[in-house]
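Coordinate analysis (summary)
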Amino acid sequence: MMHNRITCLLTRTAAAHARRSQSPFVSRSPAWVISVPRTYSTSPPAVTVTKDENEPTVAIVTLHQSAFSHDTARQLIQEWKTMEKDQSLRAVVLKSDLKSIFCAGIDFKEFLKGSESFGEYWRTIRRVFDTIYASRLNTAAAMHGHSLGLGCVLGMACQDRFMMGNAPGPKQPTIGLNEVAVGVPVPHWLVELFAGITSRRHAERLLPMGRIMSVQEAVSVGLVDKADFTSQEEMDAFVVRYLVGRSNAPRDAQAETMRMIRLNFLQAFRASEEEDVRTITHYVANEEAQTILKASLAKLTNKAKK
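This one's a predicted model, so the numbers in the text were calculated from it and none came from an experiment.

1. Some details on the nonpolar core
Grouped together as the largest cluster of nonpolar side chains are 67 residues, with contacts concentrated most on Phe68 and Leu154. If you tally residues by element for this core, the top one is helix 4 (residues 115–133), at eight residues. Not counting the four nearest positions on each side in its chain, Leu154 is found in contact with Leu63, Phe68, Leu94, Phe102, Cys103, Val128 and Ile132.

Have a look at this one:
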């Protein structure tokens, strides 16, 4: 059914693109940068936004860091708010330019800064999710590499998820909510979101084990919509065409319909913030989780030194 829907959207997209190409009023200018250039004293921006050079109604949000720090989260929220105000935009592709990684999840150092600090960080992560999930824009994640923990969450915040099932190299991309594997329970709202996208049975089978899935398994359970791409370039081009096809529907009617589809979940999500923050900070501070997290951070640090 997803294949038929995509085929129909792409057919309409091709026709619309042909009509635009014949118009003398269509500009073919280079990719337009939404982000206002800023000066970063210690590092380049973790998030950048451009407009697709051939389809300027589609923005491309690119992540440049594998671990999602507090600063990265704040930057993503700021950039997304800028896009929301741009009425020329209809859709967003969320991707990364990292080798073999879409997003590796929460920066482990955030877990070790104490309960108060992590609580504030988690509130910001919730704002990132809310910003994407409640967006007026059509959204799709183009996940060329590993999408673990928060990486999976970012994908689930979008309306559609695409991955590379035939990635080059021996290590194929993986995806999943692996919180339990690091000693932290999956938050209630994430359980409900995952079960809504896949099924409650898949949630029961996968989440309590902290299971990471292959791309093929993710497609089979409904977490990923399409994965038969052989290169990132092929996938990125397809996702842009797909979003242009989705955006052929009347803007306001489409946005309001999507808002209604997601309304009940969003209301419950927003109402649960205080309980969610208390619960996750409690478990993150537990000895079991702290032991696993410190060992994981040490392993990553040693690997980086080699």
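2. What about the sheet that holds strand 4 (residues 91–96)?
Read across the open sheet, the five strands follow the order 1-2-4-7-9; overall the sheet is mixed. What marks the edges here is a single partner per strand, and that holds for strand 1 (47–51) and strand 9 (160–163). Strand after strand, the sheet turns through a mean of 20 degrees between neighbouring axes, direction not considered. Judged from the five bridges that link them, strand 1 and strand 2 (residues 58–63) form a sheet pairing that is antiparallel. The partner of Val49 across the bridge, within strand 2, is Val61. Strands strand 1, strand 2, strand 4 and strand 7 (138–143) of the sheet are contacted by helix 2 (residues 70–85), whose axis makes an angle of about 20 degrees with strand 1.

3. A short note on the packing of aromatic side chains
Applying the stated criterion to the full structure yields 16 aromatic pairs. On the numbers, 5.2 Å between centres and 55 degrees between planes, the contact of Tyr133 with Phe265 is tilted. Pair noted here: Tyr133 is in helix 4 and Phe265 is in helix 10 (residues 251–271), with a separation of 132 residues, a long-range link. The same class applies to Tyr133 as to Phe265, namely buried. Considering the side-chain rings of Trp189 and Phe269, the 4.8 Å spacing of their centres and the 70 degrees angle between planes classify their relative orientation as edge-to-face. In this pair, Trp189 is assigned in helix 6 (residues 188–197) and Phe269 in helix 10, connecting sequence segments 80 residues apart.

4. With respect to the side chain of Asp52
Mapped onto the fold, Asp52 is located in the loop between strand 1 and strand 2. Judged by relative accessible area, which is 18%, Asp52 ranks as buried. Polar contacts involving the side chain of Asp52 include one to the main-chain amide nitrogen of Asn54, which spans 3.0 Å. Contacts of Asp52, omitting those with residues within four sequence positions, involve Val58, Ile60 and Val240.

5. Observations regarding the sheet that holds strand 8 (residues 146–148)
Overall, mixed pairing links the four strands, which are arranged 5-8-10-11 in an open sheet. Sheet topology places strand 5 (101–103) and strand 11 (213–214) at the edges, where each strand pairs with a single neighbour. Pairing between strand 8 and strand 10 (residues 174–176): two bridges, direction parallel. Of the residues in strand 10, the one forming a bridge with Ser147 is Ile175. Where helix 5 (residues 150–157) meets the sheet, its contacts fall on strand 5, strand 8 and strand 10, and the angle it forms with strand 8 comes to roughly 95 degrees.

6. A few points about the confidence of the model for the chain
Scored by pLDDT, the chain has a mean of 87; 84% of the residues are at 70 or more. Considering only residues more than four positions removed or in separate chains, one finds that residues 13–41, a stretch of pLDDT under 50, has 36 contacts.

7. Considerations on the pairing of strand 1
A one-sided burial pattern is seen for strand 1, the buried positions being Val47, Val49 and Lys51 and the unburied ones Thr48 and Thr50. Hairpin connection from strand 1 to strand 2: six residues lie between these consecutive antiparallel strands.

8. What about the packing of helix 4 against helix 11 (residues 273–285)?
Closest axis-to-axis distance for the helix 4/helix 11 pair is 9 Å, and the angle between their directions is 135 degrees. Relative to helix 11, helix 4 is oriented oblique. Considering only the axes of helix 4 and helix 11, their crossing is right-handed. Residue-level inspection shows Ser115, Phe118, Gly119, Trp122, Arg123 and Arg126 of helix 4 in contact with helix 11, the latter providing Glu273, Glu274, Asp276, Val277, Ile280, Thr281, Val284 and Ala285. Partitioned by chemical class, the residues of the contact of helix 4 with helix 11 number six nonpolar, three polar and five charged.

The rules behind each value
Residues numbered from 1 in each chain as written. Predicted model: local features only at pLDDT ≥ 70, side-chain atom pairs only at ≥ 80, totals over all residues. Heavy atoms only, no water. Core = buried A, V, L, I, M, F, W, Y, C linked by side-chain atoms within 4.5 Å. Buried < 20%, exposed > 50% of the residue type's maximum accessible area, 1.4 Å probe, protein only. Helix = DSSP H or I, 4+ residues; strand = E, 2+ residues; numbered from the N terminus. Contact = heavy atoms within 4.5 Å. Pairing = 2+ DSSP bridges. Axes fitted to C-alpha atoms, helices over the stretch in contact; angles between N-to-C directions. Phe/Tyr/Trp six-rings, centres within 6.5 Å; stacked < 30°, edge-to-face > 60°. Polar contact = N/O pair within 3.5 Å; in protein donor to acceptor, adjacent residues only side chain to side chain. pLDDT = per-residue confidence, 0-100. Parallel < 35°, antiparallel > 145°, perpendicular 65-115°, else oblique. Left-handed = near helix turned anticlockwise from the far one by under 90°. Nonpolar A, V, L, I, M, F, W, Y, C, P; charged D, E, K, R; others polar.

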